Amino acid sequence: MCVAICYRRPRPAGHLLANRMGDSIQLKDEGNKHFQAGDIDKAIECYTKAIKECKDKKVLAVIHRNRSACYLKKENYTCAAADASKAIDVDAADIKALYRRCQALEKLGKLDMAFKDVQRCATIEPKNKTFLETLRRLGAEIQTKLKTSFSTDSRVQNMFDILLDAEMEKDKREKAANNLIVLSREDAGAERIFQNNGVPLLLNMIETGKQEMILAAVRTLSGMCTGHKARAMAVMHMVGVNKMCSIMAVDDEEISLATCNLIQCINDSLTGGDTREYGKEEALVLDASKDLKTILLSLLEMLISKKVSGHGRDQALNLLAKNVPRKDKKEKENTTALFTIDHGLKKILKVCGQVPELPDQLPLTENTQLIASVLLNKLYDDLKCDPERTNYREICDEYIKSKIDPNNMDKTLHAINTISGLLQGPFDVGNALIGRQGIMEMMVALCGSDREVDQMVAVEALIHASTKMSRASFIISNGVSLLKDIYKNTKNEKIKIRSLVGLCKLGSAGGDDYSLRQFAEGSTEKLAKQCRKWLCNPQIDSKTKKWAIEGLAYLTNDADVKDDFVEDELAMKAMFELAKSKDKTILYAVACTLVNCTNSYEKKDILPELVQLAKFSKQHVPEQHPKDKKDFIDKRVKRMLKAGIISALTVMVKADNAILTDQTKELLARVFLALSDDPKDRGIIVAEGGGKALIPLALEGTEAGKVKACHSLAKIAAISNPEIAFPGERVYEVVRPLVNLLHSDRDGMQNYEALKGLTNFAGFSEKLRLKIMKEKALPEIENYMFEEHEQLRQAATECMCNLVTCKEVQERYLEDGNDKLKLLVLLCGEDEDELQVAAAGALAMITAAQKKLCTKMTHVTGQWLEILQRLCLHTHPSIQHRGLVIVYNMLNCDDNELAKKLIESELLEILTVIGKAEDNPKRQEPINVARTCLVKAMELCLIKPFSTPS
């Protein structure tokens, strides 16, 4: 069967393309007719079909432009702008498409983009009135919009709208909250928020109950109250003290802390932080005493309210500790402390006596009881006379009496725990109470109780009671066997570790005196080993581990114990990790342990004569343990740095808490000073943030602590790049601590290292030099230049060498009636090379900057020429170079007589010999300057150029 196959002749591709092209042009023309007839929908339909068919880019651009005009008529501005953009992509100068996109963008509110398009149109056709009118109109609209959108009122209202809109995206709300906080920190912004009904709106945010909203509102209120008495008072009355306390009482650490900051800002503004003059309104904002008393009473009420969370109670205690006692004991006014003692001492004692293991107790955190003890101590320390202290003791005595009840063991436990708190606070008060008849016996009886909570409270009280040697001796004879029994027999780890700490404390009652060991040889090492085991045990909670560190704080008085502990890297790292935790009750124990391990405690110098006398009279003579010698201490320091001590110390310093007492700060400063002793270790301290951590320790705390921190800063500043050691603006904060060491009551090493640090800073930047001047360091530095001590004189002169570029310093040298310039000239003639380098360098720079000093130099001392010649003949290239620069400055000072005098002296011969010398890389600088001096002398016609025979 035959099948016929028919072939269709293929048509050329160009024919098909031409067909489609014809169709698209036809559809475009149809669309144009519909558009002119006003049938926009039909026109859009034709243009859309034409776009699908068309393959020619230029024709396609025209169709898109036409459809854009249709969309403009239909008020579909998004599509109109999109079509116009497609036409512009093909031809950037398509003026119709540009103008249509401009119209669409204007309607969409994108005025800046519309303005750019019409600007391009006006550039292409500069005389087109439509374009010019649109350009002017859009420019005016943009300016109006900018003024509106950037006005503070508009920004404030916009932020509140976003924050109070429940459907708004989370990111936008967070951004608005942050903007509001930032705005409130500027005075103008804070005032706008206040004037724009801001406080009620912020209260609405608080009422939402959402954490981020409450935080934003509270932080904004803090900004509004900072440094503005009138606004602070208004906010306090509008929000209400009770409302603020209820916000601080919530069980959220961040909210409690933020509200604490708000109350602190209000307190600061009302107590004189605000120095504005209010004119007629002065009377309205002047008297804040009633409001301050209201805040104080409200905080005291918070202490004993069960509705207040542990975090809220902590912050109330922190506020009281910060604001009630006098900041400076020189102030006579301590009525706030007396008022607090009369109205709130019993409430603080109640917090101190809480036993969390018993039912119906106040909510507490791990820090609460210790913060209460710190507050008790600060209040007692603030008292000025015996009658005030007697009243304090009587209130405590009466409170303890009221709580001791043989028939109610829980009440009695509360009394014993309160005494524990007092022993950690005003020790003398607690010590007097524990000495009352029956109290110690009751504690001993509680140790033998069947209830674990009784044992725990009693053991803690025994531990705190044995702080003083006299009390420790009593307990050693009466309580050691009891503590040993508890330690051996109890199965409760918490009680076991506490009884061990009691034994540790008693075992270390002799301090670091090797001859006063309380226990048998090796006993303290065994106790310490057990403490280290607990410290490294991951199953034991942090509160129990705290007691292990407490034990080590006592036991590390023994050099064998501290050496073993430092070699146990795991135990050290475990302690450092705990030091970084939220539980700040651990700070003091960690600081004590570190002070012991670095031997940075205060040591009294023992005179050999007194030792011989004591031996002769059969008195006790303290002995130093062999492992407390310098080489052992240095090894311990290296191991601690390797284990990460600096990162732990930096976290401890940042603790914004009453627990970080001035005494604890002093201990941390001592540790830092011991760690920075070796220059090789200072790089590690800087790298791990130790430099910036030292700044707050140098500015706040005990006098001894501040000096130690300043000294440590000086050691770091002397050899470090200031930009790296103290990044950013912190570097300027370091200047004051360094200047604080420049006093005669500081020791020579502190003076010396402060001068070295200032020298380094002064050589770094003009801004730092000005800061040194501002801190009035110059007179002190000048005084040390007169010092007989060689190193101090040299350090001060080096510092001055770096400071002489300052105009203020130069002016001091220009003044008549002082010996500053004379001293500088005479120092150039001293025998020590390094001193000569510094003095000659200072003289070279100052005579270059101030030509008058060249002449003045010849009048201050008759030895000037001899000294100058000695400098120019010196074997040390740097000294010779500086001397020759001084000669050049004198030749160049416009005093012809002086120049003539120099050339007529032996200096000409010296210059000639040096200038004629062959080039030598080691001495090239002096040679070059000598040749320059000779050229200058020739210019002044004082010498003739050499002529060589032909």
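Residues numbered from 1 in each chain as written. Predicted model: local features only at pLDDT ≥ 70, side-chain atom pairs only at ≥ 80, totals over all residues. Heavy atoms only, no water.

## Remarks on the overall build of the protein chain
How we decide: Helix and strand definitions here come from DSSP, where helices need a minimum of 4 consecutive H or I residues and strands a minimum of 2 consecutive E residues; each element is numbered from the N-terminal end. When accessible area is computed with a 1.4 Å probe and restricted to protein chains, residues below 20% of their type maximum are described as buried, those above 50% as exposed, and intermediate ones as partly exposed. The contact criterion used is simple: two residues touch if any of their non-hydrogen atoms lie within 4.5 Å. Only the protein chains shown count as cover for residues, and all accessible areas are computed by the Shrake-Rupley method using a 1.4 Å probe.
Looking only at helices and strands, the protein chain features 55 helices and zero strands. Counting across all 950 residues of the protein chain, residues that qualify as buried make up 51%. Here the analysis covers contacts within the protein chain between residues at least 6 apart in sequence; of these, 68% occur between residues at least 24 apart. When the accessible area of the protein chain is evaluated, it comes to approximately 47200 Å², of which 51% is carbon and sulfur surface.

## A look at the packing of aromatic side chains
Selection criterion: Stacked, edge-to-face and tilted are the three classes for Phe, Tyr and Trp ring pairs, Trp counted by its six-membered ring, which pair at centre distances within 6.5 Å; planes under 30 degrees apart are stacked, over 60 edge-to-face, the rest tilted.
One pass over the structure, following the stated rule, counts three aromatic pairs. Ring centres 6.2 Å apart and planes at 65° place the aromatic pair Phe726 and Phe761 in the edge-to-face group. One end of the pair, Phe726, is in the loop between helix H41 (722-725) and helix H42 (730-740); the other, Phe761, is in helix H43 (residues 748-762), with 35 residues separating them in the sequence. Phe761 sits in the buried class, given a relative accessible area of 0%.

## Quick notes on the nonpolar core
Under the convention used in this document: Put simply, a nonpolar core is a bunch of buried Ala, Val, Leu, Ile, Met, Phe, Trp, Tyr and Cys residues held in one set by side-chain atoms that sit within 4.5 Å of each other.
Ranked by internal contacts, the top residues of the largest apolar core, which has 266 residues, are Tyr392, Ile645, Leu649, Phe726, Phe761, Ile781 and Leu868. The residues contacting Tyr392, other than those within four sequence positions of it, are Ile341, Leu345, Leu376, Leu379, Tyr380, Leu383, Pro426 and Val429. By size, the runner-up hydrophobic cluster in this structure holds 18 residues, among which are Ile95, Leu98, Leu111 and Ala122.

## Structural notes on the environment of Ser647
The cut-off we apply is this: Here a polar contact means two N or O atoms within 3.5 Å. Within protein one must be a hydrogen donor candidate and the other an acceptor candidate, and residues neighboring in sequence count only if both atoms are side-chain atoms.
The topology assignment puts Ser647 in helix H36 (residues 645-653). Look past the residues within four positions of Ser647 in its chain and what remains in contact with it is Lys580 and Glu688. Looking at Ser647, its side chain comes within polar contact range of the main-chain oxygen of Gly644, at 3.0 Å.

## Looking at the pattern of salt bridges
This is how the line gets drawn: Should a side-chain nitrogen of Lys or Arg be within 4 Å of a carboxyl oxygen of Asp or Glu, the pair is scored as a salt bridge.
Applying the stated criterion across every chain yields a total of 52 salt bridges. In this structure, Asp454 and Arg451 form a salt bridge, with 2.9 Å as the shortest nitrogen-oxygen distance. We classify Arg451 as partly exposed; its relative accessible area is 33%. For the salt bridge of Glu832 with Arg793, the shortest nitrogen-to-oxygen distance reads 3.5 Å. One end of the pair, Glu832, is in the loop between helix H48 (820-827) and helix H49 (833-849); the other, Arg793, is in helix H46 (residues 790-803), and 39 residues separate them in sequence. Classification of Glu832 as partly exposed rests on a relative accessible area of 22%. Owing to a relative accessible area of 12%, Arg793 belongs among the buried residues under this scheme. One network of salt bridges, with partners in common, ties together Lys630, Asp634, Asp677, Lys715 and Glu753.

## Points about the environment of Lys654
Residue placement: Lys654 occurs in the loop between H36 and helix H37 (662-675). Lys654 gets classed as exposed once you look at its relative accessible area, which sits at 66%. As for Lys654 and Ala693, which are separated by 39 residues in sequence, their C-alpha atoms are 7.7 Å apart.

## Brief notes about the side chain of Thr759
Residue placement: Thr759 occurs in helix H43. When neighbours within four sequence positions are excluded, Thr759 is seen to be in contact with Ala795, Glu798, Cys799 and Asn802.

## Concerning helix H10 (residues 187-195)
Note on helix geometry: an α-helix contains 3.6 residues per turn, so any two residues three or four positions apart are oriented the same way. Formally: Arc, as used here, means the arc of the directions from the helix axis to the C-beta atoms.
Within the span of H10, buried status applies to Gly189, Ala190 and Ile193. Angularly, the buried residues of H10 cover 100° about the axis, an arc narrow enough to put them on a single face. Relative to its buried face, H10 has exposed residues pointing more than 90 degrees away, namely Ala188 and Gln195. Once H10 finishes, Asn197 follows within two positions and takes phi at roughly 60°, a positive value.

## Some details on helix H33 (residues 587-598)
Test applied: Here the expected span of a helix is defined as 1.5 Å times the quantity of residues minus one.
Relative to the 16 Å expected for 12 residues at 1.5 Å per residue, H33 spans 16 Å between its end C-alpha atoms, a close match to the ideal helical length. Taken together, the buried positions of H33 are occupied by Leu587, Ala589, Val590, Ala591, Cys592, Thr593, Leu594, Val595, Asn596, Cys597 and Thr598. Looking at the buried positions of H33, the neighbouring elements they touch are helix H30 (542-555), helix H31 (559-567), helix H32 (569-579), helix H35 (630-643), H36 and H37. Positive backbone phi, at 55°, marks Asn599, one or two positions downstream of H33.

## Remarks on the environment of Asn318
Tracing the backbone shows Asn318 in helix H18 (residues 310-323). Its relative accessible area of 10% is what places Asn318 among the buried residues. For the pair Asn318 and Cys260, spaced 58 residues apart in sequence, the C-alpha to C-alpha distance is 8.5 Å.

## Details of the packing of helix H22 (residues 409-424) against helix H23 (residues 427-434)
The description of two packed helices rests on the angle between their axes and on the distance between the axes. Quick reminder of the rule: Axis lines are fitted to C-alpha atoms, over the contacting stretch for helices. Their N-to-C directions set the angle, which ranges from 0 to 180 degrees. Helix crossings get a hand from a simple test, with the near helix turned counterclockwise from the far one by less than a right angle marking a left-handed crossing and a clockwise turn marking a right-handed one. Any residue that is not Ala, Val, Leu, Ile, Met, Phe, Trp, Tyr, Cys, Pro, Asp, Glu, Lys or Arg is counted as polar, Gly included; the first ten are nonpolar and the last four charged.
Packing of H22 against H23 brings their axes to within 6 Å, and their N-to-C directions diverge by 140°. Here the hand of the crossing between H22 and H23 comes out left-handed. Listed contacts from H23 to Ile419, Leu422 and Leu423 of H22 are Phe427, Val429, Gly430, Asn431, Leu433 and Ile434. Grouping the constituent residues of the contact of H22 with H23 by class yields seven nonpolar, two polar and no charged.

## Concerning unusual backbone geometry
The backbone phi angle of Asn599 is positive, close to 55°, even though this residue is not glycine. Structurally, the position occupied by Asn599 is in the loop between H33 and helix H34 (608-616).

## A closer look at the confidence of the model for the protein chain
The condition is simple: Values of pLDDT, ranging from 0 to 100, describe the predictor's confidence in every residue of the model.
Here the protein chain averages 84 in pLDDT, and 89% of its residues register 70 or above. Taken element by element, the protein chain is modelled with least confidence in helix H16 (residues 282-286), mean pLDDT 49, and with most confidence in helix H14 (residues 241-248), mean pLDDT 94. Under a pLDDT of 50 for its full length, residues 1-18 has, in the predicted model, one contact with residues more than four places off or in other chains. Confidence over residues 510-518 falls short of pLDDT 50; this stretch has 29 contacts with residues more than four positions distant or in other chains.

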